[in-house]
Amino acid sequence: MSEQEKKLGPDLARGVPLEDLAEGRMILGQVADEAVVLARSGGALFAIGGECTHYHGPLADGMLVADTVRCPWHHACFSLRTGEPLRAPALNPVACWRVEQQDGKIYVREKLEPAERRARTVTGAGPGSIVIIGGGAAGNAAAEMLRWEGYAGPVTMLSADDAGPYDRPNLSKDYLAGSAPEEWIPLRSPDFYREHGIELKLGVRAVAIDPKGREVRLADGSRQRFGALLLATGAEPVHLGIPGNELPHIHYLRTLADSTALIAAATAARRVVVIGASFIGLEVAASLRTRGLEVHVVAPEARPMETVFGPEVGDLVRLVHEEHGVAFHLGSTAASFDPNRVTLKNGEQLDADFVVVGIGVRPETALAESAGIAVDRGVTVDPYLETSIPGIWAAGDIARWPDRLTGETIRIEHWVVAERQGQTAARNMLGARERFDAVPFFWSQQHDLLLNYVGHATKWDRVEIDGSLAAKDCTVTYRQNGRKLAVLTVGRGCDSLAAEIELEKTITASS
């Protein structure tokens, strides 16, 4: 066996025995030195690229669901027939190859030309024009989906950010840690938006919506007319209203500019204090430790992440950070900031070259509320993500939608949820009438701790732990009144996928 075959598996162009590929299984191989996954599903044979187009996850380690394959890392979903990315976070297709069966063997032949994406949901011409307020995960995903679905009218994205849509989860992870270059951060190049007829207006702030006149008023006094409107304004970090909060070394992390400023601060610093043991706070702590800084985390709770994951996982999170040199100051919070130190409410003082505050975010609902759109701790939407005013939809961090899994109306600040809502809203703006029933999913990377979480549980009465927390290899299930609401996996990507699929079936059964 050649070194290439040891690395990527058998040469599929030479053929593999049909009996080696059972129904519902995959084989990783190669064709002309490219990684290819050979799959058998529903009696049909498929060959697609071996890596997810999101973060290059190994698709052969994922799961087949009907004629799709799901990535084990971040749950992107691709069509086995066309390679099309069917759901976020992947935005680009994977390649496909022609498969031939002959004399009891399966052969992978030539690479196929990308399939033409045909409009599936446009019932007519669609709205005369579509405006998207927000250039984040939901807004970008919606704009792309409109074009993928065949919408030919004007699409305008109004973004208050000075940078085009970018990979926000990376801002607190690899980019901040220094292991991901800045060229990885943009989701698309400026040419992409021009080539697809998406007018991307940066540094533009919407200040009012006129639902009757069907127009958006901008801060510069200009107006943007729309046939349909998507609100994807996202959220803003909660600021600490304490003495010294306006000092220049006090940082918040939400934008690419924020992350770049943190990197600049870290290059000349020795010690940093992080206020808040949230996902952002802990990911920032891990990334700055990777850069060699002395890191202190301050938070009022007794355990980090306890309200989200429970005490057992909270203890693991703390242990992992402490093993990597992070110092915790729990049971208190900041009372004031000085140029070189942080004073806590318990009187303790911590030296700090700079401070990062990560105590949560607040949805940007003022624009919707002033337009008369129903707001309740977020913008209220129906199962199709349409707001109380027909023709106006909302997606992402601001949207509060009816969740069939929990039976509650929920609002979730997850990147993948925002992207999938943007995709669903786009199809519905074109007449699809598709319920948003995707199971919430997020991931967090903190040092060598990899956490995947599917579902949504704000409270639970039973926690089941399968495996070993200490070994960072376990599945944690959260139940309320016997119902499985959420599953956290530590180092078990396929268990996370299986849980997502199971929860999807639960939702389908409830309809």
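Note that this is a predicted model, so its numbers are computed, not measured.

> Where do I start with the nonpolar core in this structure?
Considering soluble globular proteins, one finds that nonpolar side chains tend to be buried as a cluster. I132, I133, I209, L229 and L231 are the most contacted members of the largest nonpolar core, which totals 65 residues. In terms of residue count, helix α10 (residues 415-429) provides more of this core than any other element does, seven residues in total. Counting 47 residues, the second-largest nonpolar core is a separate cluster that includes A269, A457, A486 and L488.

> Honestly, the sheet that holds strand β2 (residues 25-31) in this entry has me stumped. Any pointers?
Spatially, the six strands line up as an open sheet ordered β1-β10-β9-β4-β3-β2, and their pairing is antiparallel. Looking along the sheet, the strands with just one partner apiece sit at the ends: β1 (16-17) and β2. Two elements, strand β9 (residues 96-102) and strand β10 (residues 105-111), share five bridges in a ladder whose sense is antiparallel. Residue pairing in the sheet places Q102 in a bridge with K105 of β10.

> I would appreciate a short explanation of the side chain of R479 in the present structure.
Secondary-structure assignment places R479 in strand β35 (residues 473-480). At 2.9 Å, the side chain of R479 and the side chain of E464 are in polar contact.

> Could you clarify how one ought to interpret the pairing of strand β14 (residues 206-210) in this entry?
Every regular strand shows the same layout, with side chains that alternate between the two sheet faces. Across four bridges, the pairing between β14 and strand β15 (residues 215-218) is antiparallel. Opposite I209, over in β15, you have V216 as the bridge partner.

> In this structure, what is going on with the side chain of R492? I would like to understand it.
Mapped onto the secondary structure, R492 falls in the loop between β36 (483-490) and α11 (493-510). Under the relative-accessibility criterion, R492 is labelled buried at 19%. When sequence neighbours within four positions are dropped, the list of residues in contact with R492 reads D466, G467, D473, C474 and T475.

> Looking at this structure, how should I read the pattern of salt bridges?
Two side chains carrying opposite charge are able to pair once their charged atoms lie near each other. Enumeration over the complete set of coordinates arrives at 34 salt bridges. Note that E504 and R70 form a salt bridge whose closest N and O atoms lie 3.0 Å from each other. Here E504, found in helix α11, pairs with R70, found in strand β6 (residues 68-70); they are 434 residues apart in sequence, far enough to count as distant. Residue classification places R70 among the buried residues on the basis of a relative accessible area of 5%. Across the pair R303 and D315 runs a salt bridge, and its minimum N-O distance is 2.7 Å. With R303 in the loop between β21 (294-299) and α7 (306-309) and D315 in helix α8 (residues 311-323), this pair connects stretches of sequence that are 12 residues apart. We classify R303 as partly exposed; its relative accessible area is 27%. When salt bridges that share partners are traced, they join R70, R87, R420, E500 and E504 into one network.

> Help me out: how do you make sense of the sheet that holds strand β24 (residues 341-344) in this one?
Paired through backbone hydrogen bonds, the strands of a sheet run either parallel or antiparallel to each other. Overall, antiparallel pairing links the three strands, which are arranged β23-β24-β25 in an open sheet. Only two strands of the sheet have a single partner each, and these edge strands are β23 (334-338) and β25 (349-351). In this sheet, neighbouring strand axes are inclined to one another by 20° on average, regardless of whether the strands run parallel or antiparallel. The pairing of β23 with β24 spans four bridges and is classified as antiparallel. When the sheet's bridge partners are listed, S336 is paired in β24 with T343.

> For this particular structure, what's the right way to read the environment of H239?
Within the fold, H239 resides in the loop between β18 (235-237) and β19 (250-252). Classification of H239 by relative accessible area gives partly exposed; the value is 48%. Once the C-alpha coordinates of H239 and L449 are considered, the two residues, 210 residues apart in sequence, prove to be 28 Å apart. Sequence-distant contacts of H239, defined by excluding residues within four places in its chain, comprise N245, Y252 and I359.

> I'm lost on the packing of aromatic side chains in this one. Help?
Aromatic ring pairs are reported here in terms of the distance separating the ring centres and the angle at which the planes meet. Under the defined criterion, the tally for this structure stands at 11 aromatic pairs. With a centroid separation of 5.8 Å and an interplanar angle of 50°, the aromatic rings of F309 and Y453 are classed as tilted. With a gap of 144 residues between them, F309 in helix α7 and Y453 in strand β33 (residues 449-455) connect regions that are remote in the sequence. The burial state of F309 is the same as that of Y453; both residues are buried. In textbook terms, an aromatic cluster arises when at least three aromatic residues are bridged by ring pairs, as seen for F279, F309, F442, Y453, W460 and Y478. Its guanidinium or amino end placed over the ring of F192, R188 lies 4.3 Å from that ring's centre, counting from NZ or CZ. Here R433 stacks its cationic end above the ring of Y384, 3.7 Å away from the centre of that ring.

> Whenever I open this one, unusual backbone geometry confuses me. Can you help?
Where the residue is not glycine, phi is negative for most of them; where a peptide bond is considered, it is trans in most cases. Note the cis peptide between A88 and P89, where omega equals 15°. Inspection of the secondary structure assignment puts P89 in the loop between β8 (85-87) and β9. Backbone geometry at H75 places phi at a positive 70°, although glycine is not the residue there. Considering the arrangement of structural elements, one finds H75 in the loop between β6 and β7 (77-79). Even without being a glycine, N481 presents a positive backbone phi close to 55°. Structurally, the position occupied by N481 is in the loop between β35 and β36.

> How should the packing of helix α2 (residues 137-148) against α10 be read in this particular structure?
Between α2 and α10, whose axes approach to 7 Å, the crossing angle comes to 35°. Considering the relative orientation of α2 and α10, their crossing is right-handed. Mapping the contact onto sequence places A137, A138, A141, A142, M145 and L146 in α2 and W415, A418, E419, G422, Q423, A426 and R427 in α10.

> Looking at this model, I keep getting lost on helix α5 (residues 256-267). Mind explaining?
Residue pairs three or four apart in sequence face the same way in an α-helix, which turns once every 3.6 residues. With 12 residues, α5 extends 17 Å between its outermost C-alpha atoms, agreeing within 8% with the 16 Å of an ideal straight helix rising 1.5 Å per residue. Of all the residues in α5, the buried ones are L256, S259, L262, I263, A265 and A266.

Cut-offs and rules
- Residues numbered from 1 in each chain as written.
- Predicted model: local features only at pLDDT ≥ 70, side-chain atom pairs only at ≥ 80, totals over all residues.
- Heavy atoms only, no water.
- Core = buried A, V, L, I, M, F, W, Y, C linked by side-chain atoms within 4.5 Å.
- Buried < 20%, exposed > 50% of the residue type's maximum accessible area, 1.4 Å probe, protein only.
- Helix = DSSP H or I, 4+ residues; strand = E, 2+ residues; numbered from the N terminus.
- Pairing = 2+ DSSP bridges.
- Polar contact = N/O pair within 3.5 Å; in protein donor to acceptor, adjacent residues only side chain to side chain.
- Contact = heavy atoms within 4.5 Å.
- Salt bridge = Lys/Arg side-chain N within 4 Å of Asp/Glu carboxyl O.
- Axes fitted to C-alpha atoms, helices over the stretch in contact; angles between N-to-C directions.
- Phe/Tyr/Trp six-rings, centres within 6.5 Å; stacked < 30°, edge-to-face > 60°.
- Lys NZ or Arg CZ within 6 Å of the ring centre and 35° of its normal.
- Left-handed = near helix turned anticlockwise from the far one by under 90°.
- Expected span 1.5 Å × (residues − 1).

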